[in-house]
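Letter by letter, the chains look like this.
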Amino acid sequence: MFYCLEQQQQSSGEHESPGQLGLSPLDALEEEKRVQRKEYERNLMEAGLEIEKDLENKSQGLSFVRIHAPWHVLSREAELLKIKMPTKKMYEIKEEGGILMKLSEIWFRLTEPLQPQVPQDNTKMKSLSYPFSREKMYLYNIKDKDTFFDNATRSRIVREILKRTPTNSRNSMGISTLIANNVYDAAYPLHDGEYEDQNGEMNERKLLYQEWARYGVFYKFQPIDLIRKYFGEKIGLYFAWLGLYTEFLIPSSVVGVIVFFYGCITIESDIPSKEMCDQHNAFTMCPLCDKFCDYWNLSSACAMARASHLFDNPATVFFSIFMALWATMFLEQWKRLQMRLSYFWDLTGLEEEEQHPRPEYETKLLQKKLKTKNTTENDEKEKLTWRDRMPGYLANFSLILFMIMLTFSAVLGVMVYRITTAAALSFSTNETTRSNVRVTVTATAVIINLVVILILDEIYGAVAKWLTEIEVPKTEKTFEERLILKAFLLKFVNSYAPIFYVAFFKGRFVGRPGRYLYVFDGYRMEECAPGGCLMELCIQLSIIMLGKQLIQNNLFEIGIPKLKKLFRKLKDERTEPKEINTNQSKDPQQWDLDYSLEPFTGLTPEYMEMIIQFGFVTLFVASFPLAPLFALLNNIIEVRLDAKKFVTELRRPDTVRAKDIGIWYNILSSIGKLSVIINAFVISVTSDFIPRLMYQYAYSQNGTMHGFINHTLSYFNVSHLKAGTQPENSPFAQDVLFCRFKDYREPPWSPNPYEFSRQYWAVLSARLAFVILFQNLVMFLSVLVDWMIPDIPKDISEQIKKEKSVLVDFFLKEEHEKLKLTESFITRDKHRPQSGIKGQRIRAASFCHFSQSQKGSLASFSSRHTEV
């Protein structure tokens, strides 16, 4: 396997004149880069790597350096990195017996058509793995040195050498710094070959494309082991997590559809909806705006009331509890799957790898040293302190606060749009326009919200990256974690702020007839629809969720890489000289093909879109039970879309070993806990579940819902309207003495007119009590589920213990055989005639050396066994 470095040769031009002996600044810079490349490549060869490179010339174009690691380098680095490799010892994996084994066999037979057609490892036997050691070569199953280390391990080893190899003895620049300084353009491992070549031999890339990265195989399981083998553990864990998440969406989608159909079936028997739609119930409602809005009949909002029942029914409470437990079970199952993969991928006991400083950190540190003029003795102890980073911290705090305020300003702007547009459409002389004011305003406002969210998402991603860079984190891991936290915070606020507004703020600060709350000189604060805000929350959530999935997660992922590839191709065609192109009539090499692909920039965007979707599925699921279904349909496409991107559109990433998904698990867990609180408030505050419950069991005379609508509407004397706010040219003005509005207030004939009634305080108390009860019940059930499901599967726990025992027995057996072999040599030498003092010395020296090696092997085994 080759690892490729790519450099861009700049055209020097004719800058020298007859009287000019020096180089131009451009030539001097290129000469310095050439010297750095020469020194760096010499150091790589001194490290044992084999280099094959194109000749550098002063013509413009691409020049490639191919790097190959021979056996002695691979074995040396594998020992330094403590890479676990398979030994000769195989042991049987104990399977659970009884009914579980039978169910597993039945499930495997049923799902056999869904299994990808890839080579499968023996699931009943496993090789005993042990950190590679050149002193114990006899332990390992080395059939062929060329294939003992797979391509992923080779890539990891070469990348590690490239990172730590300095340019010269005076600095510690590795490949990352050289790429940052444009000495090299890129460094990447090569793909195995073409993925669409029907005539060529089968390779892992082609196999992944045929069995995983095509939309035609969407119904098949993912070949996780092959993904891990080709791309490494970190990417393998991402697709394993995505696959498990998609599988878990199936039961939640089924339950969500059942809840939705329950609402459809019971809509005809819902008494409040029937009362609202009954034309005989003359509920004359107060005007929705001043002067230009007339009194209206509540039955005109019949369609909205019936639609609200689809999502605002008793089954919603059950579904909210179910989804909270679903989130807990998903996280617990992921921990178990993660542990199972760690066992089979030999990641148990994986130590934290040494993290190399980032180029930006080294540059900042060098600037500090030059500024303070430190001596070389203190160079190793020198590091950036919090004082050095204080400007970055202040910029982070102020800009993040500004971005959050910008998001709130966007929500406020859309709110102002709704208020002013609703008022403007109410002035229209067209009857159809006036009757559809609420629908028009809601639909257009949600679309504006979606566009703003998509734009700000892109801005926030770039801002989060810039803010993390000015913090100057030391290592790539620290950089990635800080970037994830900033990007998630900004995108979380951006995606959910409009939904939070509709759920918890809209219609809460309206006032009452005769004393409305006004903004911007005469515009009334917007109210919820007669059926409540839950239906509008459902519309808002569904459009934003579906819009983000369709536009951002799919169209952007498909379109932007293709545009970048086209732009790169046009740029290369424009910059490469014609004489070089004419010489490249032969088939392009793999490094040329891979260079035309997009560079891999990390898994953060992939995780982020799924985490935001997980929030949509769990946080406000009480208002939209179909959210899991749409998430499932999106993820079926998303898995294949990401697979195709990794196999066909991206350069092969460097393999990274990881035993978990890192900080993403903590974010998922936090969203799961937050969802319990938010859904409790959605059910108690946004929906009519609590008022209906209170009416049926506390205020209804016959224990039914008859009279509920009348109970929730308060009276207002129209003569108490402020001057200038009465409806103009109203044909009903003379006939209307009282109008109704939705609130729990005292009637105008009571001693305290328009004050909050006792029912209001009773319902408010019930709402708060429900929130406390719901949270504690769901949290208790979540903790119970967490306790009942062990993090480590029982069979895996037993296998890990068994592996330790097998490891000890295997080493003792091998050492015993070595000892017997040594004793046989000694016995044979005693019975053999001595051939001279020189021969004795040679044999004695050989035996001495062997004994020391044996002793070292035993000591090494003893120290390493304690870490297993």
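Residues numbered from 1 in each chain as written. Predicted model: local features only at pLDDT ≥ 70, side-chain atom pairs only at ≥ 80, totals over all residues. Heavy atoms only, no water.

Moving on to the nonpolar core. Trp-241, Tyr-245 and Phe-620 are the most contacted members of the largest nonpolar core, which has 127 residues in total. One finds Ile-93, Leu-178, Leu-807 and Phe-810 within the second-largest nonpolar core, a separate group that totals 40 residues. (Core = buried A, V, L, I, M, F, W, Y, C linked by side-chain atoms within 4.5 Å. Buried < 20%, exposed > 50% of the residue type's maximum accessible area, 1.4 Å probe, protein only.)

Here we take up the packing of helix 21 (residues 604-619) against helix 23 (residues 663-686). The contact between helix 21 and helix 23 brings their axes to 9 Å, and the two run at 20°. By the angle between their axes, helix 21 is roughly parallel relative to helix 23. Note that helix 21 runs across helix 23; the crossing there is right-handed. Note on element contacts: helix 23 touches helix 21 through Trp-664, Ile-667, Leu-668, Ile-671, Gly-672, Leu-674, Ser-675, Ile-678 and Asn-679, opposite Thr-604, Tyr-607, Met-608, Ile-611, Phe-614, Gly-615, Thr-618 and Leu-619. Here the contact of helix 21 with helix 23 is built from residues that sort into 11 nonpolar, six polar and no charged. (Axes fitted to C-alpha atoms, helices over the stretch in contact; angles between N-to-C directions. Helix = DSSP H or I, 4+ residues; strand = E, 2+ residues; numbered from the N terminus. Parallel < 35°, antiparallel > 145°, perpendicular 65-115°, else oblique. Left-handed = near helix turned anticlockwise from the far one by under 90°. Contact = heavy atoms within 4.5 Å. Nonpolar A, V, L, I, M, F, W, Y, C, P; charged D, E, K, R; others polar.)

The subject of this paragraph is the pattern of salt bridges. Between side chains of opposite charge, a pair can form when the charged atoms approach closely. In the structure shown here, the tally under the stated rule is 31 salt bridges. Between Glu-77 and Arg-164 there is a salt bridge; the shortest N-O distance is 2.5 Å. Of the two residues, Glu-77 is situated in helix 2 (residues 71-80) and Arg-164 in helix 5 (residues 151-164); the sequence distance between them amounts to 87 residues. Glu-77 gets classed as buried once you look at its relative accessible area, which sits at 0%. A salt bridge links Asp-743 to Arg-745, with the nearest nitrogen and oxygen atoms 3.0 Å apart. The exposure classification of Asp-743 matches that of Arg-745, with both residues buried. (Salt bridge = Lys/Arg side-chain N within 4 Å of Asp/Glu carboxyl O.)

The next thing to look at is the pairing of strand 5 (residues 125-131). Judged by how many residues are buried, strand 5 sits mostly within the fold: five of seven residues are covered. Sheet analysis places strand 4 (residues 84-92) next to strand 5, joined by six bridges and oriented antiparallel. Bridge pairing links Met-90 to Ser-127 in strand 5. (Pairing = 2+ DSSP bridges.)

Right, let's get into the side chain of Thr-246. Residue placement: Thr-246 occurs in helix 9 (residues 233-265). Not counting residues within four places of it along the chain, the set of residues in contact with Thr-246 comprises Leu-632, Asn-635 and Val-639.

Turning our attention to helix 8 (residues 224-231). When helix 8 is considered as a whole, its buried residues turn out to be Ile-224, Leu-226, Ile-227, Tyr-230 and Phe-231. Taken end-on, helix 8 shows its buried residues confined to a sector of 160°, consistent with a single buried face. Looking one or two residues past helix 8, Gly-232 carries a phi angle of roughly 105°, positive in sign. (Arc of directions from axis to C-beta.)

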